[in-house]
Amino acid sequence: MQKDSEKSTVFENIEPAVFEKIQSLRLIDDELMTLVFGGDTQATEFLLKILLNREDLKVKHSMTQLQKHNLFGRSVTLDIVAEDVYRQEYNIEIQRASSGAGARRIRYHQAMLDSHTLKKGKKFDELPNLYIIFILEHDLFNASEAIYPVRKYIDVRDSEGSYLKFDDGCNIMYVNGDYRGDDPLGKLMHDFSTSNADEMYYNQLAERVKFFKQKEKGVHMASKIVEEYGDERAAEALKIGIEQGHHEKAIEATKKLLKENIAPEIIARCVGLPLEKVLELKKGK
């Protein structure tokens, strides 16, 4: 029987590339964000208090990578979803690429969250307040603001000349990950951007990061999620490659059919390309 002192550790068995990946992770990365905030209401509450500048907030439930399924359309996976003691809901998205933070994505997130919140027979006025917060790695709007709140107004002015507010209970804001002001939010964005827990301002976050980077149990958990995310990205890359291959074959087939003077409308239906693309190829043949 192998003695405890002779048992191998995760540090001995882990692949060097996986361990190196774990050490390079930052809170702005999906893998570490999921680990640090997953199911931890205290960590999520700490995050929301700084983002919203509120001390009265008390988180009741929180989850990471929550899937919202849609039988008739696209489903979504939400980074962090939380609910406070007053049933207000919060969706925090960590976004490194600015291309994934568009207004229509936020619109869809709101629709998916609301459709899963209001129970049958309930009135629309019973929809809880919702906060959708996008933490971006860089300054999306290049205006050097810490936070960009989205304001909603009706194009009618009151007696004082101010626009009437459109209050649908959905509060949207973008957070500038480049912000480094000498305040709680600036320190938080610094902590989200460093891979070194010893450089972090907030011990609440640093200790969680150290656990997943330095403790055997934590490193084992981190290695699993790093490998899982790696598999997902490889599968997505393969899917894109296959789709690209199909697209290229469709273009080749279109060019050949155009030489045979086949009607563009027929070609479009047969090869699966938009008619506009077939007409564009016809002009350039």
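Everything here concerns the structure above.
What you see is a predicted model, and the numbers here were worked out from it, not measured in a lab.

According to the stated counting rule, one finds eight aromatic pairs in the structure shown. The interplanar angle of 20° and the centroid separation of 6.2 Å between the aromatic rings of Phe37 and Phe192 together place this pair among those described as stacked. You can see Phe37 sitting in helix 3 (residues 30-37) and its partner Phe192 sitting in helix 6 (residues 184-193), a full 155 residues away along the chain. With respect to class, Phe37 is no different from Phe192; both count as buried. Aromatic ring contacts, followed pair by pair, group Phe134, Phe141, Tyr148 and Tyr174 into a single cluster. A cation over a ring is seen here: Arg157 above Tyr163, with NZ or CZ 4.0 Å from the ring centre.

Turning our attention to the side chain of Arg54. Residue position: Arg54 is located in the loop between helix 4 (41-52) and strand 1 (59-68). The contacts of Arg54, once residues within four sequence positions are left out, are Lys49, Asp84, Gln88, Tyr90 and Tyr131.

A few words now on the environment of Gly102. Turning to its location among the elements, Gly102 is positioned in the loop between strand 3 (89-95) and helix 5 (103-115). For the pair Gly102 and Gly38, spaced 64 residues apart in sequence, the C-alpha separation works out to 25 Å.

What follows is about helix 5. Compared with an ideal rise of 1.5 Å per residue, which puts 13 residues at 18 Å, helix 5 spans 18 Å between its outermost C-alpha atoms and is within 8% of the ideal. Buried residues of helix 5: Ile106, His109, Gln110, Met112, Leu113 and Asp114, and no others. Summarising the contacts, the buried residues of helix 5 are in contact with strand 1, strand 2 (76-84), strand 3, strand 4 (130-136) and strand 8 (170-176).

Further remarks concern the layout of surface pockets. Quantified by volume, the second largest pocket comes out at close to 420 Å³. Within the residue set of the lining of the second largest pocket, elements represented by two or more residues are helix 4, strand 5 (147-150) and strand 8. In terms of residue count, the dominant contributor to the lining of the second largest pocket is strand 8 (four residues).

The next subject is unusual backbone geometry. At Asn53, a position not held by glycine, the phi torsion is positive, near 55°. In the Ramachandran plot, Asn142 falls in the positive-phi region, its phi being about 55° despite a non-glycine side chain. Residue classification places Asn142 among the exposed residues on the basis of a relative accessible area of 66%.

Another point: empty space enclosed by the protein. What the rule picks out here adds up to one cavity of 30 Å³ or more. There is about 40 Å³ of room inside the largest cavity. Surrounding the largest cavity, Arg26, Ile28, Glu137, Gly177, Met189, Phe192 and Ser193 form its lining.

The next point concerns the pattern of salt bridges. Evaluation of the coordinates by the stated rule reveals 14 salt bridges. Asp198 is paired through a salt bridge with Lys210; the nearest N and O atoms lie 3.3 Å apart. Highlighted residues: Asp198 in the loop between helix 6 and helix 7 (203-214) and Lys210 in helix 7, separated in sequence by 12 residues. Judged by relative accessible area, which is 57%, Asp198 ranks as exposed. By relative accessible area, Lys210 is classed as partly exposed at 22%. The residue Glu207 makes a salt bridge to Lys210 at a minimum N-O spacing of 3.9 Å. Taken as a pair, Glu207 and Lys210 lie in helix 7 at a separation of three residues, close to a single helical turn. Looking at Glu207, the relative accessible area reads 47%, which means it is partly exposed. Overlapping salt bridges, with partners in common, bring together Arg26, Asp29, Arg96 and Glu137 in one network.

Reading the values: rules and limits
- Residues numbered from 1 in each chain as written.
- Predicted model: local features only at pLDDT ≥ 70, side-chain atom pairs only at ≥ 80, totals over all residues.
- Heavy atoms only, no water.
- Phe/Tyr/Trp six-rings, centres within 6.5 Å; stacked < 30°, edge-to-face > 60°.
- Helix = DSSP H or I, 4+ residues; strand = E, 2+ residues; numbered from the N terminus.
- Buried < 20%, exposed > 50% of the residue type's maximum accessible area, 1.4 Å probe, protein only.
- Lys NZ or Arg CZ within 6 Å of the ring centre and 35° of its normal.
- Contact = heavy atoms within 4.5 Å.
- Expected span 1.5 Å × (residues − 1).
- 1 Å grid on protein atoms, 1.4 Å probe; cavity = no way out; pocket = protein on both sides within 12 Å on 5 of 7 lines; lining within 4 Å.
- Points joined across faces, edges and corners; volume = space filled by probe spheres on them.
- Salt bridge = Lys/Arg side-chain N within 4 Å of Asp/Glu carboxyl O.

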